[in-house]
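Letter by letter, the chains look like this.
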Amino acid sequence: GKVGTGRRPPPARVRVAVRLRPFVDGAAGANEPPCVRGIDSCSLEVANWRNYQETLKYQFDAFYGERSSQQDIYAGSVQPILRHLLEGQNASVLAYGPTGAGKTHTMLGSPEQPGVIPRALMDLLQLTREEGAEGRPWDLSVTMSYLEIYQEKVLDLLDPASGDLVIREDCRGNILIPGLTQKPITSFSEFERHFLPASGNRTVGATRLNQRSSRSHAVLLVKVDQRERLAPFRQREGKLYLIDLAGSEDNRRTGNQGIRLKESGAINTSLFVLGKVVDALNQGLPRVPYRDSKLTRLLQDSLGGSAHSILIANIAPERRFYLDTVSALNFAARSKEVINRPFTNESLQLHALAPVKLSQKELLGPSEAKRARGPEEEEIGNPELTASAASASQKLSPLQKLSNMDPAMLERLLSLDRLLGSQGSQGTPLLNTPKRERMVLIKTVEEKDLEIERLKMKQKELEAKVLAQEALDPKEKENSLTVHRPLPRRTVTGAKPLKKAVVMPLQLIQEQAASPKTEIHILKKRGRKRKVESSQVSEPVEKASEDCWELQISPELLAHGRQKILDLLNKGSARDLRSLQRIGQKKAQLIVGWRELHGPFSQVEDLERVEGISGKQMESFLKVSVLPVVPALPARPCSNSSPLPCRRTS
């Protein structure tokens, strides 16, 4: 867990140091001026490629010129962060720059001039030996792992046969690689025995710019585990990442082909994603593309994470490396703005002490233990011996009764108990339970028992009331049941088609109901036995006929309709005549003209005399014109087999 999770860890900016390597060819350096010039120990300037009369100035945490040694770089930038590992914090050192700029020389060096990795391991092992010496509160152990990222594959250099490994993240956000080999080391000779053969497994190749160009990113992981020897037995874990990045390459100058071209593409892609991660962190974007590359996924803790990070940007003085130098300096300037938040990885050691199993008598006080014993034990037991044993048990610590523990652990606990007892404290609250607290606890338990008994009594009273209510008079029970009995519902067997009926005017219905002689005739379909119902006939009359529709109308209503039509023919205008069925503008004008020549119509059938109106049209006119005068009558429900509509409207 994080130490001080209640407050946010203090920020720590990524520190950037720039190293300018000397000219590879001394004769070329004498004839050609460098494109980079140092101003002081923290700043430098580069010629502006747009205007050579101007210069671009950069300022970093440290600048090491051509005459700087390996010791200067290590002591000035790397050595100060090693102390954080003993505090349970993480640290990382990255070597960045174009191909041929001296990254591998800075990290590894040579037997005469060792680089950052051997110097850091030598000092770190010395620190762990001093801090983990006998009598110190912490016990320290160091392990190492060595891997490379080659064409987006994580390969274990200590065990090359393990194949491609996966990068995982645990629940606390720590990056880990399952299956990665870890070698414990206690001295620098052990480190060299594991590291030198593994370095030979790293992929290198020859290009036009470098005879031993690194074709992969190499990562050396050194883990420092600390365990506290005394209570509360805390654990700390600090990790040191020493990373030698492969250099960015311009294939036009390196002349890469085939497998070298593919390796160069993978290197440039991962470095491009690294630049995107730095830009996203500086801009405060909600998503940082750590997962877009195996390299950035592994560096998630170093950039924007919880590590003290040092970036060593290596540049070359030759003018042919000018664009690569400017690109590396721009990346270093952006990385300087990245903020990390280191914290201490500290946790408590679980199950450091074996669980103390005390008997029931030991958990109870003297009075409760006396009540728990039987009468025979009271007679046999000697009260003087019992009192002396009780006093001895009060003086001694419960930890002294543990016989199944590790002897070394038991000896340490007993020494701690004696140390606390020598300070003048009688019955320390850490190792003994005070009598007053025990009595308070017993009193609380008794109060809870009384509360449980009271609730049980209340529950019994409620049950008795329920039984009394159930033992009512049977009649009252039946009445109560009949009142609350639900009404029977009509079961619906299936969906039936909706019925359609012709709505009659309310006045006509009242008039027909008032006149006893009036019969309501219904339009029915003939062809099967149907019941013809009438308002006066109580018994149904069955009649059968052919399959057709029959209209039954009262003669009085028919005569009244004919008289009304005759009055309209004799007195109505052409506009009024057009309101009749089958009479349009032309026929209305013919009727008006005939009426002016021959006089009024004596009967409706005289319309046949009008020129342009045939006998068939006259019959159709009478059928259609008389019906609107007849009041609307209810119709029979629709039959699915009937091809005719069941409702006729005027």
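Throughout, a residue's number is its position along its own chain's written sequence, starting from 1. A pLDDT threshold of at least 70 governs which residues receive local features in this predicted model, and a stricter bar of 80 or more applies before side-chain atom pairs are shown or counted, although totals over entire chains, interfaces and linings include all residues. Where side-chain values are given, they derive from all heavy atoms of the structure, hydrogens and water being excluded.

- An unreviewed UniProt entry lists the chain under the name Kinesin-like protein, with Nannospalax galili given as the organism.
- One UniProt comment on the chain, placed under Function (unreviewed entry), says "Kinesin family member that is involved in spindle formation and the movements of chromosomes during mitosis and meiosis. Binds to microtubules and to DNA. Plays a role in congression of laterally attached chromosomes in NDC80-depleted cells."
- UniProt positions are given in the numbering used here, feature names are shortened, and annotations may be inferred rather than shown by experiment. Listed in UniProt under the heading Sequence similarities (unreviewed entry), the comment for the chain reads: "Belongs to the TRAFAC class myosin-kinesin ATPase superfamily. Kinesin family."

### Some points on the layout of surface pockets
And step 1. The computed volume of the second largest pocket comes to approximately 890 Å³.
And step 2. What lines the second largest pocket is a set of 43 residues, and nearest its centre among them are G100, G102, T104, H105 and N210.
And step 3. Only DSSP runs of H or I covering at least 4 residues are called helices, and only runs of E covering at least 2 are called strands; the numbering of each starts at the N terminus. Of all the secondary structure elements, the ones that give two or more residues to the lining of the second largest pocket are β2 (15-20), α3 (103-107), α5 (188-200) and β15 (213-214).
And step 4. The dominant element in the lining of the second largest pocket, judged by the number of residues it contributes, is α3, at 4 residues.
And step 5. Only Asp, Glu, Lys and Arg are considered charged in this grouping, and only Ala, Val, Leu, Ile, Met, Phe, Trp, Tyr, Cys and Pro are considered nonpolar; every other residue, Gly among them, is considered polar. When grouped by side-chain class, the residues that make up the lining of the second largest pocket number 13 nonpolar, 19 polar and 11 charged. Think of a 1 Å grid over just the protein atoms. A cavity is a set of points where a 1.4 Å probe fits yet cannot get out, a pocket is an open set with protein on both sides within 12 Å along at least five of seven lines, and lining residues have an atom within 4 Å of a point. Grid points are joined across faces, edges and corners, and a volume is the space filled by probe spheres set on the points.

### Thoughts on the packing of aromatic side chains
And step 1. Only Phe, Tyr and Trp rings take part, Trp by its six-membered ring, and two of them pair if their centres are within 6.5 Å. Stacked means planes under 30 degrees apart, edge-to-face means over 60, and tilted covers everything else. With the rule as written, the count across this model stands at 6 aromatic pairs.
And step 2. Aromatic pair Y96 and F331: ring centres 4.2 Å apart, planes at 25°, arrangement stacked. Here Y96 is found in strand β7 (residues 90-96), whereas its partner F331 is found in helix α9 (residues 322-335), with 235 residues between them in sequence. The pair formed by Y96 and F331 is uniform in burial state, with each residue classed as buried.
And step 3. Measuring from ring centre to ring centre gives 5.6 Å for F188 and F191, while their planes differ by 40°; the resulting arrangement is tilted. Of this pair, F188 and F191 both sit in helix α5, separated by 3 residues, roughly a single helical turn. Neither residue differs from the other here; F188 and F191 are each classed as buried.
And step 4. Here the aromatic cluster, defined as three or more aromatic residues joined through ring pairs, consists of Y146, F188, F191 and F195. Buried, partly exposed and exposed residues are distinguished by accessible area as a fraction of the type maximum, computed with a 1.4 Å probe on protein chains only: under 20%, between the cut-offs, and over 50%, respectively.

### A few points about the packing of helix α4 (residues 116-131) against α5
And step 1. Each axis is a line fitted through C-alpha atoms, taken for helices only over the stretch in contact, and angles between the N-to-C directions span 0 to 180 degrees. Where α4 meets α5, the closest approach of the two axes is 10 Å, and the angle between their N-to-C directions is 140°. Both α4 and α5 take part in a crossing whose hand is right-handed. Residues I117, P118, L121, M122 and L125 of α4 touch α5, and the partners they reach there are F188, F191 and F195.
And step 2. Classifying every residue of the contact of α4 with α5 gives 8 nonpolar, no polar and no charged. Note: crossing handedness is left-handed where the near helix turns anticlockwise from the far helix by less than a right angle, and right-handed where it turns clockwise. Whether two residues are in contact is decided by their heavy atoms, any of which lying within 4.5 Å being enough.

### Points about α9
And step 1. Each residue after the first adds 1.5 Å to the expected span of a helix. Along its 14 residues, α9 runs 20 Å from first to last C-alpha, staying within 8% of the 20 Å computed at 1.5 Å per residue.
And step 2. Taken together, the buried positions of α9 are Y322, D324, T325, V326, A328, L329, F331, A332 and S335.

### Regarding the UniProt feature "coiled-coil region" (unreviewed entry) in the chain
And step 1. UniProt annotation of "coiled-coil region" (unreviewed entry) refers to residues 445-472 when read in the numbering used here.
And step 2. As a span, residues 445-472 carries 93% helix and 0% strand, and end to end its C-alpha atoms are 42 Å apart.

### Remarks on the sheet that holds strand β5 (residues 55-59)
And step 1. Within the open sheet, the 3 strands sit side by side as β3-β4-β5. Their pairing is antiparallel. Across the chains shown, the open sheet's two edge strands, defined by having one partner strand only, are β3 (36-38) and β5. Neighbour to neighbour, the strand axes of the sheet diverge by 25° on average, direction disregarded.
And step 2. Where β3 and strand β4 (residues 43-47) come together, 3 bridges link them in antiparallel fashion. Residue G38 lies in a different strand from β4, and its bridge partner there is L44.
And step 3. Against the sheet, α9 touches β3, β4 and β5, its axis set at about 140° to β4. Note: two strands are recorded as paired if DSSP finds a minimum of 2 bridges between them.

### Some details on a negative patch on the surface
And step 1. Like charges are joined within 9 Å and nonpolar side chains (Val, Leu, Ile, Met, Phe, Trp, Tyr) within 5 Å, but only among residues with over 30% relative accessible area and no salt bridge; these make up the patches. Areas reported as accessible are Shrake-Rupley estimates using a 1.4 Å probe. Residue values count occlusion only from the protein chains shown. Counted as salt bridges are all cases of a side-chain nitrogen of Lys or Arg within 4 Å of a carboxyl oxygen of Asp or Glu. The convention is simple: Lys and Arg are positive, Asp and Glu are negative, and His and the chain ends are not counted. Charge positions come from single atoms, namely NZ of Lys, CZ of Arg, CG of Asp or CD of Glu. Side chains of E446, E447, D449 and E453 sit close together on the surface and give a patch of like negative charge.
And step 2. Assignment of secondary structure puts E453 in helix α15 (residues 435-470).

### Observations concerning the side chain of D301
And step 1. Along the chain, D301 turns up in the loop between α8 (294-298) and β18 (307-315).
And step 2. Of the side chains with opposite charge, K239 lies nearest to the buried D301, which makes no salt bridge, at 5.2 Å.
And step 3. Discounting residues that sit within four places of it in the chain, D301 has contacts with N90, Y241, S306 and A307.

### What to know about the environment of N314
And step 1. Residue placement: N314 occurs in strand β18.
And step 2. The class for N314 is buried, based on a relative accessible area of 1%.
And step 3. Note: C-alpha distance between N314 and G97 (217 residues apart in sequence) is 4.9 Å.
And step 4. Among residues more than four places away in sequence, those in contact with N314 are R19, A95, Y96, G97, P98, A101, G102, K103 and T106.
And step 5. We define a polar contact as two N or O atoms separated by no more than 3.5 Å, with the added condition that, inside protein, one atom must be a possible hydrogen donor and the other a possible acceptor, whereas residues neighbouring each other in sequence contribute only through side-chain atom pairs. Among the polar contacts made by the side chain of N314, one reaches the side chain of T106 at a distance of 2.9 Å.

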